[in-house]
Amino acid sequence: MHNQYDVIVVGAGNGGLTCAATTAKAGLRTLVLEKHGLPGGCASSFVRGRFEFEPSLHELCAVGTPENPKQVYKMFKELGAEINWCYEDNLFRAICKGENGYDVTLKAGRQAFIESFEKYCPGNRERLEKLFRLQDIDDKAVDYVMKKNGKPNLLTMALKYGDFLRMGSHSVKEVLTELGFDDKAISILSTYWCYLGVPADELNAFHYFNMMTGYIDDGAAMPRYRSHELSLALAKVIEEHGGKIWYNAEVTRFLYDESGKAIGVQINGQQTVYGREIVSNLIPNRVANLSNEENVPQRTRKLMNARRFGISTLTIYLGLNCSREELGLNDYTVFISKDPDSRKQYETKGMYIVNCLNKVIEDSSPPGTCTLFFTAMLEDGDLPEDLDEYNYEKYKTDLAEKYIIDAEKVLGIKIRERIEEIEAATPVTMARYLGTPAGTIYGYRLSEWDNLLARTQSEDSDRTVENLSYVGGHYIHGGGYSTAYDCGHTAALRLIEKYRDQLNRPEEQEVRS
Amino acid sequence: MSYLKNLNKLKFTGMVKRREEEIKKASDIMIPDNIAYKANRIAAALHPAYQDLIIEKMVMEDELTCSYYLIADKQAGCQKIAYFQAGQYLNVELNIEGHHFNRPYSISSSPRQAKEEGYYRLSISLMKGFIAPDYIWENWKVGTRVRVSAPLGTSTYNRLRDGKKILALIGGNGVTPFVSLAHTIADGDIDAEMLMLYGNKDLKSALFREELQQLVDQCDKLKIVDVLEEEVREGCEHGLIDADLIRKYRCDDDTSLFVCGPQAMYDYLNEQLVKMDIPRKYWRLEIYGQYNEPSRLADYPQEKKDEVYRLKVTQGEITYEMACPAGTSLMNAIEQSGIRIPVHCRCGYCGFCHSRLVSGEVFMPEFLDHRRQADKIYGYIHPCICFPLSDVEIEIPLYKN
Ligand SMILES: Cc1cc2nc3c(=O)[nH]c(=O)nc-3n(C[C@H](O)[C@H](O)[C@H](O)COP(=O)(O)OP(=O)(O)OC[C@H]3O[C@@H](n4cnc5c(N)ncnc54)[C@H](O)[C@@H]3O)c2cc1C
Ligand code: FES
């Protein structure tokens, strides 16, 4: 056995691709194995008739503009991946039907946000300003922790960053209530909870507001040619720097040496490859399934058993034979719910999102057409008892129809007679394409005890197998493009650091080229 | 100073401990496999990686067409066949003189027959000059073991998209998916009316004509009109399926056209339907089958037609080199040199053969180009519809056995 590669990345999702692009660029011999014919995992696209649909991305966080670049923008730029970014200034429109309902459209930019919010919920200016100041405190606290390499002085933390500690250990609802917002304002301000898949009374406030202010500060960005553009741009970086990507290469076994170190993988039940480092873009549960029991340490087994999966979704993709103007929809993102309380929205799956990409990218479908993208939460446990492969298609179509009819009513637009292409995806589809257990798209649930900050502080104890790292939506930050990118990048930097000495040796460089 | 005075900041310091407690409490049994979850179970049942089948029965439909009834080969570990939707096809694996080929065949039986009786019927016509049918006719017998894909294809009826009525435009042995669809309507599994315009040379060469007639007699949602090219007969149309006939029989605006037939029929319809002002929503004609004659197309550089180019193919760690004549698709050249490459539709639509064009220039018929936009920017191709215009180098996906 010899190490053919320095880094073997299993899975070419967002986390896997950024990790591989970063290691390949730094000169580590990198191989990516992807079970599908395309890179990207969630981040791809598909064609039906004359439409090319975005399968997953609603909005990418932390991109920023050329003038004011944020981490995703910078990361792509540094890697040398060119993306055609398109922007949306409206944050979202949220419609809540029924008693205590509302219909609000909020703008990006802190001042614009406050102004637009005041229109619907007057008298909250001061509270919102406090909320933003809390965010600034959080940012400073994080900077301080980073400066101290993750080992901050606890007294300093308690004295200087007390509110960070409070935000970091309480829920969104607790924090908003403490700031004095009323129920309606809390409901509107919690709208994004579904992007993290945990209702506001459980969701970590630090995590949530960090994301929310990200959207408010920078607006949302989208790649011009669907997420497939992002993934191919990263694939190109990998290949340009001598990295390899093998498609239709499903890892069927993870291999370890006698001491339990990860050493390689088996592909398609046929060939094996060995590497110094194995990076899994697959959720640890899958790695466990594909490993011998003795190679899954007890702590890892316990952790996996303690956790719940993140959410999965019902998504409906519609290609309509009318333009967005003819359809009469002026918003990119509309959140629609029946109850203002996020816990109820979660329990009854009574919240869904409608996106019209043509609002951001007018020619994202042929002239005289537009696309709609519906997303509703739907988990494995929500699938009907009697659902099987025979009635699945009917179930899916009926469900899609229910949401389409509801959207027609709520938005006052006509959809059904205009459907030229339709596709619906459920946890079954996610299970098929991503290969995740229960079709989870967000890895593990960011539950109250397993929140971002608790995970961050436990990173070392959670890492139980030598030379095996994890990247992707199942890692510390949970699901999402920017977070998956970020953790892929971070994991790569760690590996580059680990092998720095060897990278700098000139003779090694030569062998490589 | 604090904005959140009433929230306890010390809770923060207990977070890791709290998490550790949850982990400690949990069981340490090995995590279950994906199949423990309903979503994964249904996905696996609908989309197996492949299916091992065995031929249970053969029926001659006419002198040139044989129907094969395929059931699950339990001995080979296939417990039951995957359910499908009318209009879908199976990709059949063939091993001809040591070379592996795949060919798509529409399922001519109904989903209900798959569910209740456990078989698929593939009906295969012998055609001169085609390798696969020839081979199948020679070699497939009752008891032959055959490996096929999961059911594939998106040419299926969707009640939210398609009209309440279907006008089926059928050319010759393109009839197979419509036999399936007619059964499905007669079974009550699809709620739509279907009028079949069935084009043939003469009535006696119409495949499955009796079976269709029985369905029409038993179900008032089905109608059939024969369109005969070389025979004049009462109650039948004479000539080819053309724009006039479509106008005559498409009486209701909420009618979708479903098409399956020879290449020339698609070429003709693609041209006519635009002129006829039938909204795109109502055409469903994406199945083509393999495209073999690029030089017939107006935008093909005729001077290259007889060239033979070098094709370099990298698959994983191995690189192969071979010759590829200008009129042969990259896919065919690859398969003919004994390399196995993932393939489903063979007509540019499904993207399963998605590959990277490392260097060189290829021709692809524009109407078959269903690539994603970013593929065009980053130089990815579907080799099943690409013909070389220079020496070419590509990277293809691995093949799963
Ligand atoms: C419908 C939907 C909407 C979403 N909306 C947004 C949004 O608006 N904004 C946002 O930021 N995020 C959104 N997300 C979440 C985001 O897409 C994901 O959390 C993120 O892409 C996860 O990246 P990942 O690195 O975990 O990889 P994944 O996308 O999970 O990819 C894993 C890869 O591994 C491959 N693989 C699996 N098993 C194997 C194996 N055995 N061998 C080899 N390869 C294997 C898979 O094929 C896949 O390519 C959405 C997701 C979905 C599904
Ligand atoms: S096999 Fe379907 S596109 Fe090539």
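Residues numbered from 1 in each chain as written. Chains lettered and ligands numbered in written order. Predicted model: local features only at pLDDT ≥ 70, side-chain atom pairs only at ≥ 80, totals over all residues. Heavy atoms only, no water.

Let's talk about the overall build of chain A
Helix and strand counts for chain A come out as 22 helices and 18 strands. Overall, chain A is about 65 × 60 × 50 Å in size when its C-alpha atoms are taken along their principal axes. Burial status across chain A gives 63% buried among its 513 residues. Counting only contacts in chain A whose residues sit at least 6 apart along the sequence, the fraction spanning at least 24 positions is 70%. (Helix = DSSP H or I, 4+ residues; strand = E, 2+ residues; numbered from the N terminus. Buried < 20%, exposed > 50% of the residue type's maximum accessible area, 1.4 Å probe, protein only. Contact = heavy atoms within 4.5 Å.)

Points about the sheet that holds strand β13 (residues 308-315) of chain B
All names here are of chain B. Spatially, β14-β13-β19-β15-β17 is the arrangement adopted by the 5 strands of the open sheet, whose pairing is mixed. Sheet topology places β14 (318-325) and β17 (380-381) at the edges, where each strand pairs with a single neighbour. Relative to strand β19 (residues 392-395), β13 is paired through 4 bridges, and the arrangement is parallel. By the bridge assignment for β19, Lys312 is matched with Glu393. (Pairing = 2+ DSSP bridges.)

Notes on the interface of chain A and chain B
By a widespread convention, an interface's size corresponds to the accessible area lost as its parts come together. Taken together, the contact pairs 110 residues of chain A with 71 residues of chain B. Buried area between chain A and chain B, summed over both chains or domains, comes out near 8,100 Å², and the portion from carbon and sulfur atoms is 57%. Contact with chain B buries area across many residues of chain A, yet Arg166, Glu389 and Tyr390 of chain A alone supply 9% of it, more than any other trio. Inspection of the region where chain A meets chain B yields 12 salt bridges. Here Arg18 of chain B makes a salt bridge to Glu448 of chain A, at a shortest N to O gap of 2.6 Å. Viewed at the interface, chain B and chain A are joined by 49 residue pairs in polar contact (both at pLDDT 80 or more). Here the side of chain A that touches chain B is built from residues that sort into 43 nonpolar, 27 polar and 40 charged. (Buried area = accessible area lost by both parts, 1.4 Å probe. Salt bridge = Lys/Arg side-chain N within 4 Å of Asp/Glu carboxyl O. Polar contact = N/O pair within 3.5 Å; in protein donor to acceptor, adjacent residues only side chain to side chain. Nonpolar A, V, L, I, M, F, W, Y, C, P; charged D, E, K, R; others polar.)

Remarks on the pattern of salt bridges
Applying the stated criterion to the full structure yields 65 salt bridges over all chains. Ionic pairing is found between Lys498 of chain A and Glu277 of chain A, a salt bridge with its closest N-O pair at 2.6 Å. Linking Lys498 of chain A in helix α20 (residues 481-498) with Glu277 of chain A in strand β12 (residues 271-280), this pair joins segments that are 221 residues apart in sequence. Across the salt bridge formed by Asp450 of chain A and Arg455 of chain A, the nearest N and O atoms sit 3.4 Å from each other. Owing to a relative accessible area of 0%, Asp450 of chain A belongs among the buried residues under this scheme. On the accessibility criterion, Arg455 of chain A (1% relative accessible area) is buried. Through salt bridges with shared partners, a single network forms among Arg299, Arg307, Asp450, Arg455 and Asp462 of chain A together with Arg19 and Glu20 of chain B.

Brief notes about the nonpolar core
Counting 142 residues, the largest nonpolar core has Leu33, Phe76, Trp85, Phe113, Tyr192 and Phe209 of chain A as the members making the most contacts within it. For this core, the element with the most residues is helix α10 (residues 205-218) of chain A, which contributes 8 residues. Once you skip the residues sitting within four places of it in the chain, Leu33 of chain A turns out to touch Ile8, Val9, Val10, Gly11, Ala12, Trp246, Ala249, Val251, Val265, Ile267 and Val273 of chain A. With 49 residues, the next largest nonpolar core counts Leu169, Leu222, Val259 and Leu273 of chain B among its residues. (Core = buried A, V, L, I, M, F, W, Y, C linked by side-chain atoms within 4.5 Å.)

Overview of the packing of aromatic side chains
All names here are of chain A. Applying the stated criterion to the full structure yields 33 aromatic pairs over all chains. Judged by centre distance (5.2 Å) and plane angle (80 degrees), the rings of Phe92 and Phe335 are edge-to-face. One end of the pair, Phe92, is in strand β6 (residues 90-96); the other, Phe335, is in strand β14 (residues 333-337), and 243 residues separate them in sequence. The same class applies to Phe92 and to Phe335, which are both buried. When the centroid spacing of 6.2 Å and the interplanar angle of 20 degrees are considered together, the rings of Phe309 and Tyr444 count as stacked. Taken together, the positions of Phe309 in the loop between α13 (298-306) and β13 (313-320) and Tyr444 in the loop between α17 (427-434) and α18 (452-457) put the pair 135 residues apart, joining distant regions of the chain. For Phe309, a relative accessible area of 18% puts it in the buried group. For Tyr444, a relative accessible area of 2% translates into the label buried. Among the aromatic residues, those joined into a ring-pair cluster are Phe46, Phe51, Phe53, Tyr317 and Phe373. (Phe/Tyr/Trp six-rings, centres within 6.5 Å; stacked < 30°, edge-to-face > 60°.)

Observations regarding the domain arrangement of chain B
By the assigned domains, chain B splits into domain 1 (45-148), domain 2 (165-285) and domain 3 (302-395). When each unit is reduced to the centre of its C-alpha atoms, the spacing between domain 2 of chain B and domain 3 of chain B is 34 Å. (Domains from an automatic or database assignment.)

Details of the site of ligand 1
Residues and elements named next belong to chain A. Around ligand 1 sit 35 residues, and of these Glu34, Ser56, His58, Gly473 and Tyr481 come closest. A distance of 3.2 Å separates a nitrogen atom of ligand 1 from a polar backbone atom of Lys35. At a separation of 2.7 Å, a nitrogen atom of ligand 1 approaches a polar backbone atom of Ser56. Protein coverage of the free-state accessible area of ligand 1, which is 1,000 Å², stands at 95%. Secondary-structure elements contributing two or more residues to the shell around ligand 1 are α1 (14-25), β13, α17 and α20. The dominant element in the shell around ligand 1, judged by the number of residues it contributes, is α17, at 3 residues. Its residues assigned to classes, the shell around ligand 1 comprises 15 nonpolar, 16 polar and 4 charged. (Near = heavy atom within 4 Å. Areas by Shrake-Rupley, 256 points an atom, 1.4 Å probe, with all protein chains shown as cover.)

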